Amino acid sequence: MTRNVHDQFAKQCLKELLDPLGKVETSWKVPGEVQEIDVYFLPSRGL
């Protein structure tokens, strides 16, 4: 859930910057937890 416009803007910027380098997910739900990760990044193997 987005708290404000700046939060959504930051997530979108990070997604666009990191997307060419690997897998990016925004608002990733943590299994078994009540928390949520804002940005999850998994780099490609070629880095």
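Residues numbered from 1 in each chain as written. Predicted model: local features only at pLDDT ≥ 70, side-chain atom pairs only at ≥ 80, totals over all residues. Heavy atoms only, no water.

### Quick word on the overall build of the protein
Moving on, step 1. The number of helices and strands found in the protein is 1 helix and 2 strands.
Moving on, step 2. For the protein, the sequential pattern of α-helices and β-strands runs α-β-β.
Moving on, step 3. Within the span of the protein, comprising 47 residues, buried residues form 9% of the whole.
Moving on, step 4. Here the contacts in the protein between residues at least 6 apart in sequence split such that 16% fall between residues at least 24 apart. (Helix = DSSP H or I, 4+ residues; strand = E, 2+ residues; numbered from the N terminus. Buried < 20%, exposed > 50% of the residue type's maximum accessible area, 1.4 Å probe, protein only. Contact = heavy atoms within 4.5 Å.)

### Topic: the pattern of salt bridges
Moving on, step 1. What the rule picks out here adds up to 2 salt bridges.
Moving on, step 2. Where K11 meets D7, a salt bridge forms, and the shortest distance between an N and an O atom there is 3.6 Å. With K11 and D7 both in helix α1 (residues 5-18) and 4 residues apart, this pair spans about one turn of that helix. Of the two residues, K11 and D7, both sit in the buried class.
Moving on, step 3. Here D38 and K11 are joined by a salt bridge, their closest N and O atoms 3.8 Å apart. Note that D38 is positioned in strand β2 (residues 36-43) and K11 in helix α1, a separation of 27 residues in sequence.
Moving on, step 4. Taking the relative accessible area as the measure of exposure, D38 reaches 31% and is therefore partly exposed.
Moving on, step 5. The class of K11 is buried, set by a relative accessible area of 3%.
Moving on, step 6. Several salt bridges converge on common partners, so that one network encompasses D7, K11 and D38. (Salt bridge = Lys/Arg side-chain N within 4 Å of Asp/Glu carboxyl O.)

### Looking at the confidence of the model for the protein
Moving on, step 1. For the protein, per-residue confidence averages 81 on the pLDDT scale, and 85% of positions sit at 70 or higher.
Moving on, step 2. Within the protein, the element-level pLDDT minimum falls on strand β1 (residues 22-29), averaging 82, and the maximum on α1, averaging 88. (pLDDT = per-residue confidence, 0-100.)

### With respect to the environment of F41
Moving on, step 1. Within the secondary structure, F41 is located in strand β2.
Moving on, step 2. In the structure, F41 is positioned 15 residues away from T26 in sequence and 8.8 Å away in space, judged by C-alpha atoms.

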